[in-house]
Amino acid sequence: VHVVSSVKFALKAESCGVDAIVAEGFEAGGHNGREETTTMCLVPDVAKAINVPLIAAGGIIDGKSMLAAMILGADGVQMGTRFVACKESSAHENFKNMVLKSKEGDTRLTLKEIIPVRMMKNKFYQEIEELYKTSPSKEQLLNKLGKGRAKLGMFEGDLDAGELEIGQSSSQINKVFTAKEIIQQIMTEFDSIKSQMLIANKFN
């Protein structure tokens, strides 16, 4: 199963013999596509272009967004951000707490010149922004990024110097649940809305 951010790479992955493709939109946390194509636009385009199963990712956090992805052509969904703050997650408690406090606009896609990544706007992110004001080279950006930044922030809990990768949907997370509870909530909402749509369609 290969993750892609464009139709071009979806077709390339399919030609290489993958069993399924994850189409990940611009909303997703962590490493992302340079095209900045959103999930709502990417999924239907990829769905029309490929013949293998399609898994949607990026901004999918509940039953509503899962159903929306499937209506757009996905066969399944992948959720990363939603499970960062679950009880079983290996993420550091400092990072989990920061996710719970996050608001709309607290993440940003940056470092597109080397490897696009969506992260929270912490001290490290601000340092990157300051560096951009000097028109840095790729080498300077790589030196600033260094090694182990994501581990430092997300798993060791350094909220200042670490790289805090998380998706835009983090603003919708305000409580820590178990993974089981999250899945139950998602499926209950998914089934409920799907049933409502079927009932509405029956009488139209």
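Located above this text is the structure these notes cover.
So, here's what we can say about the structure.

Parameters at a glance
- Residues numbered from 1 in each chain as written.
- Predicted model: local features only at pLDDT ≥ 70, side-chain atom pairs only at ≥ 80, totals over all residues.
- Heavy atoms only, no water.
- Phe/Tyr/Trp six-rings, centres within 6.5 Å; stacked < 30°, edge-to-face > 60°.
- Lys NZ or Arg CZ within 6 Å of the ring centre and 35° of its normal.
- Helix = DSSP H or I, 4+ residues; strand = E, 2+ residues; numbered from the N terminus.
- Buried < 20%, exposed > 50% of the residue type's maximum accessible area, 1.4 Å probe, protein only.
- Lys, Arg positive; Asp, Glu negative; His and termini not counted.
- Salt bridge = Lys/Arg side-chain N within 4 Å of Asp/Glu carboxyl O.
- Contact = heavy atoms within 4.5 Å.
- Pairing = 2+ DSSP bridges.
- Axes fitted to C-alpha atoms, helices over the stretch in contact; angles between N-to-C directions.
- Core = buried A, V, L, I, M, F, W, Y, C linked by side-chain atoms within 4.5 Å.
- Right-handed = clockwise from strand over helix to strand, strands pointing away.

### Focus on the packing of aromatic side chains
Argument step 1. Taken as a whole and assessed by the stated rule, the structure comprises 0 aromatic pairs.
Argument step 2. One cation-aromatic arrangement involves Arg 118 over Phe 26; the distance from NZ or CZ to the ring centre is 4.5 Å.

### Here's the deal with the side chain of Glu 165
Argument step 1. Position of Glu 165 among the secondary structure elements: in the loop between α8 (149–155) and α9 (179–202).
Argument step 2. An unpaired buried charge is present at Glu 165: no salt bridge exists, and Arg 149, the closest side chain of opposite charge, is 11 Å distant.
Argument step 3. Look past the residues within four positions of Glu 165 in its chain and what remains in contact with it is Gly 30, His 31, Phe 95, Val 117, Arg 118, Met 119, Ala 150 and Met 154.

### Some details on the sheet that holds strand β4 (residues 54–57)
Sheet strands associate in pairs through backbone hydrogen bonding, adopting either a parallel or an antiparallel arrangement.
Argument step 1. The strand order across the open sheet formed by 4 strands is β1-β2-β4-β5, and the pairing between neighbours is parallel. Edge positions in the sheet fall to β1 (2–4) and β5 (76–78), since each of these pairs with one other strand and no more. Taking each pair of neighbouring strands and ignoring which way they run, the sheet shows an average axis angle of 30 degrees.
Argument step 2. Of the strands in this sheet, β1 and β2 (21–24) touch helix α1 (residues 7–15), which is tilted by about 160 degrees from β1.

### Some remarks on the environment of Asp 191
Argument step 1. Take Asp 191: it is sitting in helix α9.
Argument step 2. By relative accessible area, Asp 191 is classed as partly exposed at 40%.
Argument step 3. Placed 120 residues apart in sequence, Asp 191 and Ile 71 show a C-alpha to C-alpha distance of 14 Å.

### Focus on the pairing of strand β6 (residues 107–110)
Along a regular strand, successive side chains alternate from one face of the sheet to the other.
Argument step 1. Inspection of the sheet shows β6 paired to strand β7 (residues 117–120) by 4 bridges, in the antiparallel sense. In the strand pairing of β7, Leu 109 is matched with Arg 118.
Argument step 2. Between β6 and β7, which pair antiparallel one after the other, the connecting turn spans 6 residues, and Leu 111 there sits at a positive phi close to 55 degrees.

### Quick word on the nonpolar core
Argument step 1. In terms of nonpolar packing, the biggest core is built from 25 residues, with Ile 21, Val 46, Ile 50 and Leu 54 touching the most fellow members.
Argument step 2. Put simply, the parts of the chain that give this core at least two residues each are α1, β2, α2 (39–49), β4, α3 (63–71) and α9.
Argument step 3. Ranked by residue count, the leading element in this core is α9, at 4 residues.
Argument step 4. Not counting residues within four places of it along the chain, the set of residues in contact with Val 46 comprises Ser 6, Val 7, Ala 10, Ala 23 and Leu 54.

### Brief notes about the pairing of β4
Argument step 1. By the bridge criterion, 4 bridges tie β2 to β4 in an arrangement that is parallel. Note on β4: the bridge partner recorded for Ala 23 is Ala 56.
Argument step 2. Relative to β5, β4 runs parallel, the two sharing 3 bridges. Bridge pairing in β5 links Ala 57 to Gln 78.
Argument step 3. With α3 bridging β4 and the parallel β5, this β-α-β connection has right-handed handedness.

### Structural notes on the side chain of Glu 163
Argument step 1. Inspection of the secondary structure assignment puts Glu 163 in the loop between α8 and α9.
Argument step 2. The charged side chain of Glu 163 is buried without a salt bridge, its nearest counter-charge being Arg 149 at 6.5 Å.
Argument step 3. With residues up to four places along the chain from it excluded, the contact list for Glu 163 reads Val 117, Met 119, Phe 124, Leu 145, Arg 149, Ala 150, Gly 153 and Met 154.

### Looking at the sheet that holds β6
Argument step 1. Strands sit in the order β3-β7-β6 across an open sheet of 3 strands; the sheet is antiparallel. Edge positions in the sheet fall to β3 (30–31) and β6, since each of these pairs with one other strand and no more.
Argument step 2. Here β3 pairs with β7 via 2 bridges, running antiparallel. The residue of β7 that forms the bridge with His 31 is Val 117.
Argument step 3. Where helix α6 (residues 123–132) meets the sheet, it contacts β6 and β7, and its direction lies at approximately 45 degrees from that of β6.

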